[in-house]
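# Descriptive structure summary
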Amino acid sequence: MQNARHVEEIGQVLEGGQTGRDSVVSASWRRCVELYGMDPMRSDPAHIVTETELRDHRKQAEWLIAAARSGLQSLFRQVAGQNYVLLLADAKGVCVDFFGDELFTEDLRRSGLYLGSNWSENLAGTCGVGACIVTEEPVTVHQDDHFGNAHVALSCTAAPIFDSLGQLAAVLDISLLRSPAPKTSQSLAMSLVTAAARRVEMANLMAESPRDWVLRLSSSPEFLDVDPEAAVRLDGAGRVLGYTRAARRLFPEGGTILGRRIDEVLGVGVDDLPDLMRDRPTEERVIETRDGGALFGHAIAPKAPRQTHQKMRQGGALAGLTGGDPAMARLLDQAERLAPGSVPLLISGETGTGKARLARAIHMSGKAAGFLSLDCAGLSAGALEEACAAASGPATLLLRRIEDLSPGTATALSGLLDRRPDLRPVSTSCLDPARIALPRPLFHRLAGCVLSVPPLRLRRDMDWLISRHLRRHGADTIRLSPAARAELLGRSWPGNIRELEQALDVAAALCVGPVIDLPDLPGPVGSDAGAGQTPPGSVDPWEGLEQVLAACEWNMARAARRFGVNRSTILRRIRASGLQPPG
Ligand SMILES: Nc1ncnc2c1ncn2[C@@H]1O[C@H](COP(=O)(O)OP(=O)(O)OP(=O)(O)O)[C@@H](O)[C@H]1O
């Protein structure tokens, strides 16, 4: 009787009638009749593959079984008391791993819930595994949702498992031989099976990736390290090499994900990944998404870098220092060419412009393994010798503020460089190189090439620097109000990036809520010098007027604030210098 009603309902659905069935189930019924030529009146037994076929299926799915096993075991422990069975089917629908209570082995075998059963839709009709393979979505096929009469007692909830290239690899199914009537009784089964499938994908991605960066993502900081929602595997240039299914939502416009750069969709590049490692508090590892939202990120470094990616990763250390400022881009291009050689470098620029940071990036892009950083102020000859003795083999010797070197230590440094050709000096100075009072022979040994870092007020990527620094703050994504942003862009920043970072740190601490507004900003430091924001070593206070104007996109008010003068003074200077805005 019940069977007759079931057959009648399938007939109605085929004629386009609405019977209240889920659309996934109705669509599968239609395929069973129209595509596979099945008859709902027939009650076919479960289809079991031969021993040899099963061996082949299991062999091909070996990697998956290995990645899934511990996750499935723990899932089975959670549900075993409630008579659920777990079944891992390959992408063809053949059950390649199985967890069930031995007490019911015979019942389970009769129902096809066993190793080697084939649940593909064209053989078994509408069923959890089959419908999941066709739709590639999690499904519940409950009792008389099943097409064939043989399975109407079962309730099957299945979730797809994808490999790291985005291909359907398997289906995880959790089934009950006998279940309560309402389909909603299986909601818990649905969330268990989808979470388990996600963990299997994650385990597989991790197992494949010892030589690449993996970025794991979660919308809540609490679960980031223990149960992240999605993950991507990245090469040294930040391109996607693999991903778990949930990472697709990062690319909402669809299409190929492999090979896309992660910074297209997230506010992180490959150079930011070290900041997202476990040694930082979870709630500080915030990443902006393209739609203005935020996620929490956990980056896992490669265990052994991939040889072929080494070059790209090195380029990345330098490339990560600018958000598109043309002068910085030129400087970084030179730095990248010079990095692998042994020419001694002198990096000049105002305080806080990022000289030491550039020196470190050059070191990372070079060949020397060792890195020594010494502050020249108060550095004794003995301390210099001692520090360098500790470095055996080729090393970069970063000498910060070389202008502060005492005469005695300068002599010791000359001797040291004679004895240790494996040390590559990279020095920094806040002075114009022509004004550095060092013995000329030593100066020339240190300044094989001079790299000048532009002051912040001349950079066109101030907005980028601001956003980048703000990303490091707080669980909420901190934003700037338009007024606060305009104020920051207009300041002259004599302390350069260091001062900017400190101002943002103060503002982030003072602001209530996620938006930094004008009153949250600390006052400008040392800004009462009028037009005296003279770069060290420069005599003309208006030097750089044209660059400042360009950096401010010829916004007179902003340029005036950067010089610490009023707008009419700037206009007069522009007229006097004969400067014209670009056509
Ligand atoms: N390109 C950059 N992008 C983001 N932050 C930067 C960049 N360059 C420098 N910074 C940050 O600015 C601050 C100052 O950098 P750094 O110490 O390298 O400056 P410096 O020029 O060597 O300073 P000083 O001459 O006063 O010692 C640091 O917190 C650094 O991380």
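Preceding this paragraph is the structure being described.
Notes on the structure follow. These numbers were taken from a predicted model, which means no experiment stands behind them. Numbering of residues begins from 1 in every chain and follows the order in which that chain's sequence is written. Only residues with pLDDT of 70 or above have their local features reported here, since the model is predicted, and side-chain atom pairs are shown and tallied only from 80 upward, although totals for entire chains, interfaces and linings are computed over all residues.

The next subject is the packing of helix H20 (residues 556-563) against helix H21 (residues 567-577). Look at H20 against H21: their axes get within 8 Å of each other, and the N-to-C directions meet at 100°. It follows that H20 is roughly perpendicular to H21 by the angle criterion. In contact with Met556, Ala557, Ala559, Ala560 and Phe563 of H20, H21 contributes Arg567, Thr569, Ile570 and Leu571. Here the axes come from fitting lines to C-alpha atoms, over the contacting stretch only for helices, and the angles between their N-to-C directions go from 0 to 180 degrees. Helix numbering and strand numbering both begin at the N terminus, where a helix is a DSSP run of H or I of at least 4 residues and a strand a DSSP run of E of at least 2. Angles are sorted into four bins: roughly parallel if under 35 degrees, roughly antiparallel if over 145, roughly perpendicular if 65 to 115, and oblique for all others. Contacts here follow a simple rule: the backbone-placed C-beta atoms of the two residues must lie within 7 Å.

What follows is about the sheet that holds strand S7 (residues 230-234). Strand pairing requires that DSSP identify at least two bridges connecting the strands. Taken in spatial order, the five strands make up an open sheet running S8-S7-S6-S10-S9, and their pairing is antiparallel. The open sheet has two edge strands with one neighbour each: strand S8 (240-243) and strand S9 (286-288). Strand-to-strand twist across the sheet, computed as the mean angle between neighbouring axes with direction ignored, equals 35°. Pairing between strand S6 (residues 213-218) and S7: five bridges, direction antiparallel. Counted as the bridge partner of leucine 215 is valine 232 from S7. On the sheet, helix H8 (residues 187-208) packs against S6, S7 and S8 and is oriented at approximately 15° with respect to S7.

A separate point is the site of the ligand. The environment of the ligand is made up of 16 residues, and the closest members are Thr351, Gly354, Lys355, Ala356 and Arg357. When residues are sorted by character, Ala, Val, Leu, Ile, Met, Phe, Trp, Tyr, Cys and Pro go into the nonpolar class, Asp, Glu, Lys and Arg into the charged class, and all the rest, Gly among them, into the polar class. Of the residues belonging to the shell around the ligand, the class tally is five nonpolar, six polar and five charged. What marks off one domain from the next here is an automatic or database domain assignment. Both domains that furnish three or more residues to the shell around the ligand are identified here as domain 3 (321-454) and domain 4 (458-577). For each residue, a C-beta atom is positioned from the backbone; the residue is called near a molecule or strand if that atom sits within 6 Å of it.

For the rest of this paragraph, the subject is the environment of alanine 61. Mapped onto the secondary structure, alanine 61 falls in the loop between helix H3 (51-60) and helix H4 (62-79). Partly exposed residues are those whose C-beta has more than 12 but fewer than 20 other C-beta atoms within 10 Å; 20 or more makes a residue buried and 12 or fewer makes it exposed, with C-beta atoms placed from the backbone. Its 22 C-beta neighbours within 10 Å are what place alanine 61 among the buried residues. Along the chain, alanine 61 and alanine 170 lie 109 residues apart, while their C-alpha atoms are 8.5 Å from each other.

It is worth spelling out the environment of glutamine 82 at this point. By the element assignment, glutamine 82 lies in the loop between H4 and strand S1 (84-90). Sequence separation of glutamine 82 and leucine 176 is 94 residues, and the distance between their C-alpha atoms is 8.6 Å.

Let us now look at the nonpolar core. A set of buried residues drawn from Ala, Val, Leu, Ile, Met, Phe, Trp, Tyr and Cys, joined through C-beta atoms within 7 Å, is what defines a nonpolar core. Residues Leu88, Ala89, Ala158, Ala170, Val171, Leu172 and Val193 are the most contacted members of the largest nonpolar core, which totals 51 residues. Residues Leu318, Cys376, Ala412 and Leu438 belong to the second largest nonpolar core, which totals 35 residues.

With that out of the way, let us pick up the sheet that holds strand S15 (residues 449-452). Taken in spatial order, the five strands line up as S12-S13-S14-S11-S15 in an open sheet, and their pairing is parallel. The open sheet has two free edges, formed respectively by strand S12 (370-375) and S15, since each of these has just one partner strand. For this sheet, the mean angle separating the axes of adjacent strands, direction not counted, is 20°. Pairing of strand S13 (residues 395-400) with strand S14 (residues 423-429), which is carried by five bridges, proceeds in the parallel orientation. If you follow alanine 395 over to S14, its bridge partner there is leucine 423. Together, S12, S13 and S14 form the strand contacts of helix H13 (residues 381-389), whose direction differs from that of S12 by roughly 165°.

Every helix has an expected span of 1.5 Å times one less than the residues it contains. Between its first and last C-alpha atoms helix H18 (residues 496-510) spans 21 Å; for 15 residues at 1.5 Å apiece the expected length is 21 Å, and the two agree. Among the residues of H18, Asn496, Ile497, Glu499, Ala503, Leu504 and Ala507 are the ones counted as buried. Relative to the axis of H18, the buried residues are bounded by an arc of 160° and lie together on one face. Elements in contact with the buried residues of H18: helix H16 (462-470) and strand S17 (515-516). By definition, the arc is the one covered by directions from the helix axis to the C-beta atoms.

On to the pairing of strand S11 (residues 345-348). Here S11 shows a buried face lined by Leu345 and Ile347 and a second buried face lined by Leu346 and Ser348. Across four bridges, the pairing between S11 and S14 is parallel. Within the sheet, the bridge partner assigned to serine 348 lies in S14 and is serine 429. Taken together, the four bridges between S11 and S15 define a ladder with parallel strand orientation. Counterpart to isoleucine 347 in the pairing with S15 is leucine 451.

Let us now look at the pairing of S13. The buried fraction of S13 is high, at five of six residues. Note: S12 against S13, six bridges, orientation parallel. Within the sheet, the bridge partner assigned to phenylalanine 371 lies in S13 and is threonine 396. In this fold, S12 hands off to H13, which returns the chain to S13; that crossover is right-handed. The path from the first strand over the helix to the second decides the hand: if it runs clockwise while the strands point away from the viewer, the crossover is right-handed. In this fold, the crossover linking S13 to S14 by way of helix H14 (residues 407-419) has right-handed handedness.

Purely spatial values, then, with no claim about function.
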